[in-house]
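Structural description and commentary
Residues per chain, in single letters:
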Amino acid sequence: KVIGVVSTEEKGRLARRSGCNQVLVGYHDLPARVRKLNRGRGVDVVYDGVGKDTLFLSLDSLRPRGMMVSFGNASGAAPPFSPLELAKRGSLYFTRAGGADYLGSPEARRAGARALFSLIRRKLVRVHIGQRYPLAQAAQAQRDLEARRTIGSTVLIP
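Here goes a summary of the coordinates provided. Because the structure is a prediction, the values reported are computed rather than measured.

**Digging into the nonpolar core**
- In this structure, L24, L30, V34, V43, V46, L55, L59, L62, M68, L86 and L92 together form the largest nonpolar core, which totals 11 residues.
- Counting only elements with at least two residues in this core, the list comes to α2 (30-37), β3 (43-48), α3 (55-60) and β4 (62-70).

**Concerning the pairing of strand β2 (residues 22-25)**
- Examined bridge by bridge, strand β1 (residues 3-6) and β2 share 4 bridges and lie parallel to one another. When the bridges of β2 are listed, G4 appears paired with V23.
- Of the crossover connections in this fold, the one passing from β1 over helix α1 (residues 9-17) to the parallel β2 is right-handed.

**Comments concerning the layout of surface pockets**
- What the largest pocket holds in volume is close to 1400 Å³.
- Lining the largest pocket are 39 residues, and of these I3, G4, V5, C20 and Y47 sit closest to its centre.
- Elements represented by at least two residues in the lining of the largest pocket include exactly β1, α1, α2, β3 and α7 (138-146).
- Tallying contributions element by element places β3 first for the lining of the largest pocket, with 6 residues.
- Residue composition of the lining of the largest pocket, by class: 19 nonpolar, 13 polar and 7 charged.

**Some points on the side chain of S58**
- Of note, S58 is situated in helix α3.
- Ignoring anything within four residues of it in the chain, the contact list for S58 reads V46, D48 and M68.

**Observations regarding the sheet that holds strand β5 (residues 93-96)**
- Within the open sheet, the 3 strands sit side by side as β3-β4-β5. Their pairing is parallel. In the strand order of this sheet, the two ends are held by β3 and β5, each with one partner. Put simply, the sheet's adjacent strands are angled 10 degrees from each other on average, direction ignored.
- Bridging between β4 and β5 involves 4 bridges; their strand directions are parallel. The residue bridging M68 from the neighbouring strand is F94, located in β5.

Each value, and the rule that gives it
Residues numbered from 1 in each chain as written. Predicted model: local features only at pLDDT ≥ 70, side-chain atom pairs only at ≥ 80, totals over all residues. Heavy atoms only, no water. Core = buried A, V, L, I, M, F, W, Y, C linked by side-chain atoms within 4.5 Å. Buried < 20%, exposed > 50% of the residue type's maximum accessible area, 1.4 Å probe, protein only. Helix = DSSP H or I, 4+ residues; strand = E, 2+ residues; numbered from the N terminus. Pairing = 2+ DSSP bridges. Right-handed = clockwise from strand over helix to strand, strands pointing away. 1 Å grid on protein atoms, 1.4 Å probe; cavity = no way out; pocket = protein on both sides within 12 Å on 5 of 7 lines; lining within 4 Å. Points joined across faces, edges and corners; volume = space filled by probe spheres on them. Nonpolar A, V, L, I, M, F, W, Y, C, P; charged D, E, K, R; others polar. Contact = heavy atoms within 4.5 Å. Axes fitted to C-alpha atoms, helices over the stretch in contact; angles between N-to-C directions.

This is a description of form; function is not addressed.
As structure tokens, this is what we get:
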């Protein structure tokens, strides 16, 4: 079961079309809302691409011995925290994924790209391009990304 958390109803519609079983809009009272959808318990894994604003909300949404995978900084870098926070919340696991550790060589990147595009061709992964900007508007594209005004992928057109 996949529970998606988004900031707007529009993003929620895309999340549902992309396969989320449940979608929560907004981060208020997130751990309680997650537990309500999951028979009173936390979830097994949280994939957090937001960072600073959601770190502890994500940790508090996990079941004991659950895992949090931090992979993004949409709201800024997640703050440093004591490992005791993981113990207080149920002996949690925390990891910060880095692309170079998974795709560190040109061969690995090519193999990863082949695998990804194969999944896209077979329609097992759907790519949603939400907006396109001329390359001359790259600064505006960055501002829109930072302000969370984008949905899906953003493409810069040369």
